[in-house]
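Here's the letter readout for the chains.
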Amino acid sequence: VPPADPEPVTPPEPYEPTLAELQAAKKQEISQACEQIIYAGISVTLADGTVEHFALTEHDQLNLVGKQAQLAAGTEQLEYHSDGKPCRYYSATDMQTAMQHVSYHTTYCNALNMWVAGCETADELQQIYYGVDVPEQYQSEVLKAYLLEIASLAGDDADA
């Protein structure tokens, strides 16, 4: 008896992720980018004209939470250390710059996530990346305030 012809094998269709899966992946991508930027820290021009770099890892951010409590209590000089430097006193203004860096990026990341959640197609989702301007409809009141502040610091407030 001759062997029967094998059934033709149809290759499986390539897997097409759902919009929800693509959105979850995009949110993870945005979260990682935000975390890397925050952790890298910020170089701050201090009131005395010197520039110091402040790392902002999770440990550093927890430390800054305590400093925020001191600021709220009216402390004008905060003890802290920038990267690789000895502990010293910084002005409240100097410390607020580092804190605002964290707050801005957290707020921006949240706005990107709102945009991701509002996407209705994979093509629309591909337009979103860390650093892109967030459409106004996804800008929170807080993000709008940060963007106005950034524009005024950059001297772009001519039409304000």
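Parameters and conventions
Residues numbered from 1 in each chain as written. Predicted model: local features only at pLDDT ≥ 70, side-chain atom pairs only at ≥ 80, totals over all residues. Heavy atoms only, no water. Axes fitted to C-alpha atoms, helices over the stretch in contact; angles between N-to-C directions. Helix = DSSP H or I, 4+ residues; strand = E, 2+ residues; numbered from the N terminus. Parallel < 35°, antiparallel > 145°, perpendicular 65-115°, else oblique. Left-handed = near helix turned anticlockwise from the far one by under 90°. Contact = heavy atoms within 4.5 Å. Nonpolar A, V, L, I, M, F, W, Y, C, P; charged D, E, K, R; others polar. Core = buried A, V, L, I, M, F, W, Y, C linked by side-chain atoms within 4.5 Å. Buried < 20%, exposed > 50% of the residue type's maximum accessible area, 1.4 Å probe, protein only. Disulfide = S-S within 2.5 Å. Phe/Tyr/Trp six-rings, centres within 6.5 Å; stacked < 30°, edge-to-face > 60°.

### Observations regarding the packing of helix 2 (residues 58-72) against helix 3 (residues 92-118)
Here is step 1: Contact pair helix 2 / helix 3: the axes reach a minimum separation of 11 Å and the direction vectors enclose 130°. If you check the angle between helix 2 and helix 3, you find them oblique. For the pair helix 2 and helix 3, the crossing hand works out as left-handed. The residues of helix 3 that touch helix 2, namely those facing Gln 61, Leu 64, Lys 67, Gln 68 and Leu 71, are Ala 92, Met 95, Gln 96, Ala 98, Met 99 and Val 102.
Here is step 2: The class makeup of the residues in the contact of helix 2 with helix 3 is seven nonpolar, three polar and one charged.

### Quick notes on the nonpolar core
Here is step 1: The biggest cluster of nonpolar side chains holds 35 residues, and the ones touching the most others in it are Tyr 108, Leu 112, Ile 128 and Tyr 130.
Here is step 2: Secondary structure elements with two or more residues in this core: helix 1 (19-40), strand 1 (42-45), helix 2, strand 3 (77-80), helix 3 and helix 5 (141-153).
Here is step 3: If one sorts the elements of this core by residue count, helix 3 sits on top with 12 residues.
Here is step 4: Contact partners of Tyr 130, with chain neighbours within four places excluded, come to Ile 30, Ala 33, Cys 34, Ile 37, His 105, Tyr 108, Cys 109 and Leu 112.

### Some details on the environment of Leu 143
Here is step 1: Looking at where Leu 143 falls in the secondary structure, it is placed in helix 5.
Here is step 2: For Leu 143, a relative accessible area of 1% translates into the label buried.
Here is step 3: Along the backbone, Leu 143 and Ile 38 are 105 residues apart, and their C-alpha atoms lie at a distance of 16 Å.
Here is step 4: The contact partners of Leu 143, leaving out residues within four places of it in the chain, are Tyr 104, Thr 107, Tyr 108, Ala 111 and Val 134.

### So, the state of the cysteines
Here is step 1: Summed over the entire model, instances satisfying the criterion amount to zero disulfides.
Here is step 2: As a non-bridged cysteine, Cys 34 has Cys 109 as the owner of its nearest cysteine sulfur, 4.2 Å distant.
Here is step 3: Assessed through its relative accessible area of 6%, Cys 34 is described here as buried.

### Notes on the packing of aromatic side chains
Here is step 1: As enumerated under the stated definition, the model contains six aromatic pairs in all.
Here is step 2: Geometrically, the ring pair formed by Tyr 104 and Tyr 146 is edge-to-face, given 5.8 Å between the ring centres and 85° between the ring planes. Placement of the pair is Tyr 104 in helix 3 and Tyr 146 in helix 5, with a sequence separation of 42 residues.
Here is step 3: Overall, the relative accessible area of 16% leaves Tyr 146 in the buried class.
Here is step 4: Ring plane angle 20° and centroid distance 6.4 Å describe the contact between Trp 115 and Tyr 138, whose orientation is recorded as stacked. Here Trp 115 is found in helix 3, whereas its partner Tyr 138 is found in the loop between helix 4 (122-126) and helix 5, with 23 residues between them in sequence.
Here is step 5: Here Tyr 138 falls in the buried class, since its relative accessible area comes to 17%.
Here is step 6: Aromatic ring contacts, followed pair by pair, group Tyr 104, Tyr 108, Tyr 130 and Tyr 146 into a single cluster.

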